[in-house]
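Residues per chain are reported as follows:
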Amino acid sequence: DSAGNTYWCVYLRGSNYANGYVNPDTTVSNQWRPVVFKYDTQGNFVGGTPMDMVLSPDFAFYLRFYRNPQNGNYYFTSNGEFLSTTNVATLGGTTITGSFFIASYNPAGQKLWHQQDGANAVATTFQSYDLAFDSDNNVYFSGYIFGGGSVSFMGFTRTLTSPGQYVVKLNATGTNLL
């Protein structure tokens, strides 16, 4: 951020961590809740913020974390490579039904918005590898689509004959493809 602070996303179980930070998470096994730690320019622990998000191992493994330096919001992308009833993600109380999600959270850890693909199939995996922001806080992300089916994201559908790359631009509120 503008003060030089550093942000680090980790997974924690309910216990004490990082200079007395108490993680309130007491989820059952095989579910993970991300926590964003903040450190000052000297490396001192400033605080931790649990995200209103619960992930099974596959979604946790592929989770990517970004922070928009202009508005301070956190952004996450992930995919569940092997969809099943035990491989799920819950964002702010909403269960993800697709194989991929992108979500925005405020600095207090509350979900602002999310979008997900409509793949609903093990055969197609929608993965994200990078995310960036422009001066209007529009969100750009890119990645790769694997598998042999079709993938749908916010009204855009691509039928795959072979794996391929993609680049997506969303408005700042995550409601429109641009």
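Residues numbered from 1 in each chain as written. Predicted model: local features only at pLDDT ≥ 70, side-chain atom pairs only at ≥ 80, totals over all residues. Heavy atoms only, no water.

**Some thoughts on the environment of Asn137**
Here's step 1: Relative to the assigned elements, Asn137 resides in the loop between strand S13 (124-133) and strand S14 (139-147).
Here's step 2: Separated by 36 residues in sequence, Asn137 and Thr173 have C-alpha atoms that sit 8.7 Å apart.
Here's step 3: Leave out the neighbours within four places in its chain, and Asn137 touches Asn68, Gln70, Asn71 and Ala172.
Here's step 4: Among the polar contacts made by the side chain of Asn137, one reaches the side chain of Gln70 at a distance of 2.7 Å. (Helix = DSSP H or I, 4+ residues; strand = E, 2+ residues; numbered from the N terminus. Contact = heavy atoms within 4.5 Å. Polar contact = N/O pair within 3.5 Å; in protein donor to acceptor, adjacent residues only side chain to side chain.)

**Some words on the sheet that holds strand S12 (residues 111-116)**
Here's step 1: Reading across from one edge, S7-S8-S11-S12 is the order of the four strands in this open sheet, with antiparallel pairing throughout. Of all strands in the sheet, those bounded by a partner on one side alone are strand S7 (64-67) and S12. For this sheet, the mean angle separating the axes of adjacent strands, direction not counted, is 15°.
Here's step 2: The pairing of S7 with strand S8 (residues 74-79) spans four bridges and is classified as antiparallel. Bridging across to S8, Arg67 finds its partner in Tyr74. (Pairing = 2+ DSSP bridges. Axes fitted to C-alpha atoms, helices over the stretch in contact; angles between N-to-C directions.)

**A look at the pairing of strand S16 (residues 156-159)**
Here's step 1: Sheet topology note: the strand S15 (residues 150-153)/S16 ladder contains four bridges and is antiparallel. Across the sheet, the residue bridging to Phe153 is Phe156, located in S16.
Here's step 2: Linking S15 back to S16 in an antiparallel pair, the connection comprises two residues, with Met154 at a positive phi of about 50°.

Limitation: the analysis is restricted to geometry and does not speak to function.
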